[in-house]
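Breakdown of the fold
So you can see what is in the structure, the chains are spelled out below.
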Amino acid sequence: MLLLDERQDVHLLMTNCIKNDLNHSTQYVQGLALCTLGCMGSSEMCRDLAGEVEKLLKTSNSYLRKKAALCAVHVIRKVPELMEMFLPATKNLLNEKNHGVLHTSVVLLTEMCERSPDMLAHFRKLVPQLVRILKNLIMSGYSPEHDVSGISDPFLQVRILRLLRILGRNDDDSSEAMNDILAQVATNTETSKNVGNAILYETVLTIMDIKSESGLRVLAINILGRFLLNNDKNIRYVALTSLLKTVQTDHNAVQRHRSTIVDCLKDLDVSIKRRAMELSFALVNGNNIRGMMKELLYFLDSCEPEFKADCASGIFLAAEKYAPSKRWHIDTIMRVLTTAGSYVRDDAVPNLIQLITNSVEMHAYTVQRLYKAILGDYSQQPLVQVAAWCIGEYGDLLVSGQCEEEEPIQVTEDEVRIKKVVSIYGSSIDVELQQRAVEYNALFKKYDHMRSALLERMPVMEKVTTNGPTEIVQTNGETEPAPLETKPPPSGPQPTSQANDLLDLLGGNDITPVIPTAPTSKPASAGGELLDLLGDINLTGAPSAAPAPASVPQVSQPPFLLDGLSSQPLFNDIATGIPSITAYSKNGLKIEFTFERSNTNPSVTVITIQASNSTELDMTDFVFQAAVPKTFQLQLLSPSSSIVPAFNTGTITQVIKVLNPQKQQLRMRIKLTYNHKGSAMQDLAEVNNFPPQSWQ
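Rules and cut-offs
- Every chain begins its residue count from 1, and numbering advances along the sequence as written.
- Owing to the predicted nature of the model, reporting of local features is limited to residues with pLDDT of at least 70; listing and counting of side-chain atom pairs is limited to 80 or more, with chain, interface and lining totals taken over all residues.
- As a rule here, side-chain values cover all heavy atoms of the structure and leave hydrogens and water aside.
- Here a strand is any run of E in DSSP of at least two residues, a helix any run of H or I of at least four, and the numbering for each starts at the N terminus.
- Every helix has an expected span of 1.5 Å times one less than the residues it contains.
- Bending is quantified residue by residue as the angle between axes fitted to the seven-residue window ending at that residue and the seven-residue window starting at it.
- Three labels apply to residues, based on accessible area from a 1.4 Å probe with only protein chains included: buried if under 20% of the type maximum, exposed if over 50%, partly exposed otherwise in between.
- Only heavy atoms matter for contacts: two residues are in contact if any of them lie within 4.5 Å across the pair.
- Classification of ring pairs rests on two measures: the distance between centres of Phe, Tyr or Trp rings, Trp counted by its six-membered ring, which must be within 6.5 Å, and the angle between planes, read as stacked under 30 degrees, edge-to-face over 60 and tilted in between.
- Note on criteria: charge over ring means Lys NZ or Arg CZ within 6 Å of the ring centre, with the direction from the centre no more than 35 degrees off the ring normal.
- Two strands make a pair as long as DSSP finds a minimum of two bridges between them.
- For every element, the axis is a line fit to its C-alpha atoms; helices are fit only across the contacting stretch, and the angle between N-to-C directions ranges from 0 to 180 degrees.
- Residue types Ala, Val, Leu, Ile, Met, Phe, Trp, Tyr and Cys, when buried and joined through side-chain atoms within 4.5 Å, form a set referred to as a nonpolar core.
- Exposure above 30% relative accessible area and the absence of a salt bridge qualify a residue for a patch, where like charges join within 9 Å and nonpolar side chains (Val, Leu, Ile, Met, Phe, Trp, Tyr) within 5 Å.
- Note on areas: Shrake-Rupley with a 1.4 Å probe; residue coverage comes only from the protein chains shown.
- Whenever Lys or Arg places a side-chain nitrogen within 4 Å of a carboxyl oxygen from Asp or Glu, that contact is recorded as a salt bridge.

So, helix H3 (residues 43-57)
- In this model H3 runs 19 Å from its N-terminal to its C-terminal C-alpha over 15 residues, within 8% of the 21 Å that 1.5 Å per residue would give.
- At Leu49, H3 shows its largest bend, some 55 degrees.
- Considered for burial, the residues of H3 that qualify are Met45, Cys46, Leu49, Ala50, Glu52, Val53, Glu54, Leu56 and Leu57.
- Tucked into the core, H3 has its buried residues touching helix H1 (15-22), helix H2 (27-40), helix H4 (62-78) and helix H5 (99-115).

Right, here's the structure in full:
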């Protein structure tokens, strides 16, 4: 039996042999045959021998009945349609005095109830009989044959409790019939031994799963609360996991054990510590937010690095939901950034900046706090980012004395060396720093009269939420999912995934996705958005944007800080000197590239794409995406439309800016997606015929 399984060829020859043994005159031979069939019987064998098993299930021999019951469980698992064959034999199984037969009978009934709703309804009438058996077990005196650590047959008690849980689920009558016995088990079971704790745990699960009375549920949660004080780590872990499942339905009852749960944050076991942290966040509400945040901030300060990211995120969410005041909210977030700034998710910085921006009355207080925080320690990058932004926006409040709690900072003109610092980076080897320094130097000198308008305070930000259940958030080099609020999709057509679809366009690991520039309905700031062209990016995809309504005109934002300020053209007027090319022509869709070279940065090539459609039907939801090798850097701006008109009656235009500092030959892969004639179309193409004037 140990060397064979149902996949062996010899297994086919065993059916007749086992059938003979099942009808043998010796009970031990019959028992061995039942064990063999119950362990390795195939579907065909179970079908052929089910009648013999059912016959032995009705025998008066308790030794054979318990083995036949377990064999019947295997037969039902292999051939569920044979379940009804064993139904008559189960009628008298629970009347057996032998505990072995009772135990295996309960296992058989449990299997049948789990597999068939009809069987579940049929066996609900056995609840009073099961309650009576369980009552006899807990009320009976000492029995050497079944006693385990002073408890009568705990294995049978656990099995009965599991069956009661199945029978009482979603049934009022059955649940009411077992309420009293569950209360007796919960109050009379000895908890000094692990055996008693196992029974209590099954009792708690049963109480929570059936339609039990509120007082009984409170009793069950109190049992879990006592488990938290147990020295056994496994018991504490089980209690925390169970409380975490019930906290949503019995929040007030779990709240009574808040102090014990918080104490588990100090446990040395990391599994217990994680469960305690999750449960602590689930217990936070508007009434206990201050006390719970104090404990959780202390935990954040002392916990292992593996907990800091999740703990910081939980504190952010709880503070946003239950903050008693904006000042408390800002103080809490700043405490997190100071304590574990390098572990927070990237969205923590814009969220805090938005909170500060919207809290006008807190600007002076916040900028003072941030200034002092980075004076002492500027190793936490998110804290420095927030502080730099706030000081840039509200730095005048540092010296104005508007914050009554803090002394104004005294500075002289000699100590303000912004121009000097900016000038230093005009020759930086970092191209991004160099470009920004040159732009701001020009602002200080040539366009100084426009500086106050360009550098005025930012308008109040609006919070942007992302559709979809999850978003991949980068946390210090580790990618992990962050839950987001799910919203119904807009009624209009949606473009397909942009940047991630291009990860494999050029192959290898040298492609990284970026979020493309997209038009928004917000008013443009005076200086426009800075071009994020020279960052560490080389891939972009931009979704098609539907045309804005006529009543809300979109404002085109210049990508460079000083775009539109000079009378000189920013691009060389040599478009006629660089020949245009046809990058793609297939199925009536034609893509043409025209070229310009930047005056301010000769390494930047500006490519304007024009998409035309020669077919008889419009192409809708048009999306153009592009990828370049790692030695290049690329920015894809928003398209003029998402519909390519039929019969060449119009075109879509879109601008690509490519930085080529090493003057290498340009090559590009493009991806086109659109809907045409009711079908979704998608195609990839490689463009290698760029004219030398466009990249040399």
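Let's talk about the packing of aromatic side chains
- Tallying each qualifying case throughout the model produces six aromatic pairs.
- Ring centres of Trp389 and Tyr394 lie 6.1 Å apart, and the angle between their planes is 75 degrees; this geometry places the pair in the edge-to-face category.
- By relative accessible area, Tyr394 is classed as buried at 3%.
- Here the aromatic rings of Phe595 and Phe690 are separated by 5.9 Å at their centres, their planes lie at 70 degrees, and the arrangement is edge-to-face. Residue Phe595 is located in strand E7 (residues 589-597), and its partner Phe690 is located in the segment after strand E13 (679-687); the two are separated by 95 residues in the primary sequence.
- Of the residues examined, Phe690 reaches a relative accessible area of 5% and is grouped as buried.
- Clustering of aromatic rings is evident, with ring pairs tying together Phe593, Phe595, Phe624 and Phe690.
- Looking at Arg327, its charged tip hangs above the ring of Tyr365, at a distance of 4.0 Å from the centre.

Brief notes about the sheet that holds strand E6 (residues 581-586)
- Pairing within the open sheet is antiparallel, and its five strands lie in the order E6-E7-E8-E11-E10. Two strands close off the open sheet at either side, each with one partner strand: E6 and strand E10 (633-636). Ignoring which end each strand starts from, the neighbouring axes of this sheet average 20 degrees apart.
- With five bridges connecting them, E6 and E7 associate as antiparallel partners. Opposite Tyr584, over in E7, you have Ile591 as the bridge partner.

Focus: the nonpolar core
- Formed by 135 residues in total, the largest nonpolar core has its most connected members in Ile160, Met293, Ile315 and Val386.
- Formed by 32 residues, the second largest nonpolar core is a distinct cluster that contains Ile578, Ile581, Ala583 and Val658.

Comments concerning a nonpolar patch on the surface
- Together, Val421, Ile424, Tyr425 and Leu433 line one region of the surface with nonpolar side chains, adding up to about 350 Å² of accessible area.
- In this fold, Val421 is placed in helix H23 (residues 418-424).
- Using a relative accessible area of 40% as the deciding quantity, one classes Val421 as partly exposed.

Quick notes on the pattern of salt bridges
- A complete count under the given rule lists 23 salt bridges for this structure.
- Here Arg217 ties to Asp250 by a salt bridge, and the two come within 3.0 Å at their closest N and O atoms. A residue pair is termed long-range when its members are at least 10 positions apart, and Arg217 in helix H11 (residues 214-227) and Asp250 in the loop between helix H12 (233-246) and helix H13 (251-255) qualify at 33 residues.
- Its salt-bridge partner being Asp310, residue Arg274 comes within 3.0 Å of it at the nearest N-O pair. Within this pair, whereas Arg274 is found in helix H15 (residues 270-283), its partner Asp310 is found in helix H17 (residues 305-322), the two being separated by 36 residues in sequence.
- Classification of Arg274 as partly exposed rests on a relative accessible area of 23%.
- Classification of Asp310 by relative accessible area gives partly exposed; the value is 30%.
- Connected through shared salt-bridge partners, Arg77, Glu111 and Arg115 make up one network.

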